[in-house]
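Spelled out from the first residue to the last, the chains are:
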Amino acid sequence: MDLSVTLKGQNHDLTLKNPVLTASGTFGYGLEFASYGDLASLGGLVTKGLSLTPRPGNPTPRIVETTAGMLNAVGLQNDGVEDFCVRKLPHLPWAETAVIVNIYAASTEEFGELAARLNREEGVAALEVNVSCPNVRQGGLAFGQDPAMAAQVTEAVRKAAPDKHIMVKLSPNVTDIAQMARSVEAAGADSISCINTLLGMAVDVQTRRPRLANVVGGLSGPAIKPVALRCVWQAARAVKIPIVGVGGILTAEDALEFLLAGAQAVQVGTGNFLRPDCAFALARDLPAACQRLNIDNLAAFCGSLELDS
């Protein structure tokens, strides 16, 4: 069965050998997971969020396990774009599978500068624009909750990286995700990934203190899957560009639910913490799941959710 997917963008298409990607912030730079499976067997690798210069991230503790999920407030710790381009990208299998670089900045101008640097790299197939991180103090949710600001960032990245497929990652922490989707589509996005984490917190009744040093963080994992499915369905109905589903995907059946709701590809995130081979197993199990559910054309299956008239 042909599992290849082409995310047809307004400016650039992104071809994937299968619809299974990794989610930013859960798979390192990709190389850290090479001992758990063949990186080239995945549809694509989404790196952890990169900034112009190295970031130390938030103070610890910054990860807390919750019921059916986890809270994180890592704060986009990374080695910076130059280190990635020089020391990490050359060792990724970019000629065999798509490398998608997630980018974060505190201003529209920084987003443009970051995008321009990555536009020069042959091994980068696409940029995933993070306008939706809930646990950083600058930028973060401010970009992802305002349609005009999200559009400005998208326009800046589109202009600075004319040779790349531009994917914009949306936040669920908004009143109307369809409006956000339309705003970034109009600004030149080639595709949309949704969702980023939900804003949450945890407290310790013994110490009477927050369990995260940052107090609040991003909730991910199976607990957010119903919200993610709803957002994918609403976004897919609002725009013509492709949607990539993210949120609580652990199994091939989970992935197929997102494809049925309107996504054309999916990202595995928290599952990588649960079992480091989760994304590899999902890609391996997907053909059998399709056969079991009598799905013989994955492209036709995407967005085929039947509603009562």
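- An unreviewed UniProt entry lists the chain under the name Dihydroorotate dehydrogenase, with Desulfovibrio legallii as the source organism.
- According to its UniProt record, the chain has this under Subunit (unreviewed entry): "Heterotetramer of 2 PyrK and 2 PyrD type B subunits."

## As for the environment of E128
Here comes step 1: Considering the arrangement of structural elements, one finds E128 in strand 8 (residues 126-130).
Here comes step 2: Accessibility expressed as a relative area gives 0% for E128, which makes it buried.
Here comes step 3: Distance from E128 to D2, taken between C-alpha atoms, is 25 Å for residues 126 residues apart in sequence.
Here comes step 4: Residues contacting E128, with those up to four places away along its chain left out, are S24, V46, I100, V101, N102, I103, M167, K169, S193 and Q267.
Here comes step 5: Among the polar contacts made by the side chain of E128, one reaches the side chain of S193 at a distance of 2.8 Å.

## Observations regarding the sheet that holds strand 6 (residues 69-72)
Here comes step 1: What the 4 strands build is an open sheet, ordered 5-6-14-11; its pairing is antiparallel. Every other strand in the sheet has two partners, leaving strand 5 (63-66) and strand 11 (198-201) as the edge strands with one partner each. With strand direction ignored, the average angle separating the axes of adjacent strands in the sheet is 40°.
Here comes step 2: Across 3 bridges, the pairing between strand 6 and strand 14 (residues 216-220) is antiparallel. Bridge assignment links L71 to a residue of strand 14, and that residue is L219.

## Comments concerning unusual backbone geometry
Here comes step 1: Here the amide bond leading from T60 into P61 is cis, since omega sits at 0°, within 30 degrees of zero.
Here comes step 2: As for its placement among the helices and strands, P61 is situated in the loop between strand 4 (44-46) and strand 5.
Here comes step 3: The residue after C194, namely I195, is reached through a cis peptide bond having omega 20°.
Here comes step 4: Of note, I195 is situated in the loop between strand 10 (191-194) and strand 11.
Here comes step 5: Positive phi is not limited to glycine here, since L76 has a value of about 60°.
Here comes step 6: Along the chain, the position of L76 falls in the loop between strand 6 and helix 1 (81-88).
Here comes step 7: The backbone of V215 sits at a positive phi, close to 75°, despite the residue not being glycine.
Here comes step 8: Within the element layout of this structure, V215 appears in the loop between strand 13 (209-210) and strand 14.
Here comes step 9: You can call V215 partly exposed: its relative accessible area is 34%.

About the cut-offs
Residues numbered from 1 in each chain as written. Predicted model: local features only at pLDDT ≥ 70, side-chain atom pairs only at ≥ 80, totals over all residues. Heavy atoms only, no water. UniProt positions renumbered as here; feature names shortened; annotations may be inferred. Helix = DSSP H or I, 4+ residues; strand = E, 2+ residues; numbered from the N terminus. Buried < 20%, exposed > 50% of the residue type's maximum accessible area, 1.4 Å probe, protein only. Contact = heavy atoms within 4.5 Å. Polar contact = N/O pair within 3.5 Å; in protein donor to acceptor, adjacent residues only side chain to side chain. Pairing = 2+ DSSP bridges. Axes fitted to C-alpha atoms, helices over the stretch in contact; angles between N-to-C directions.

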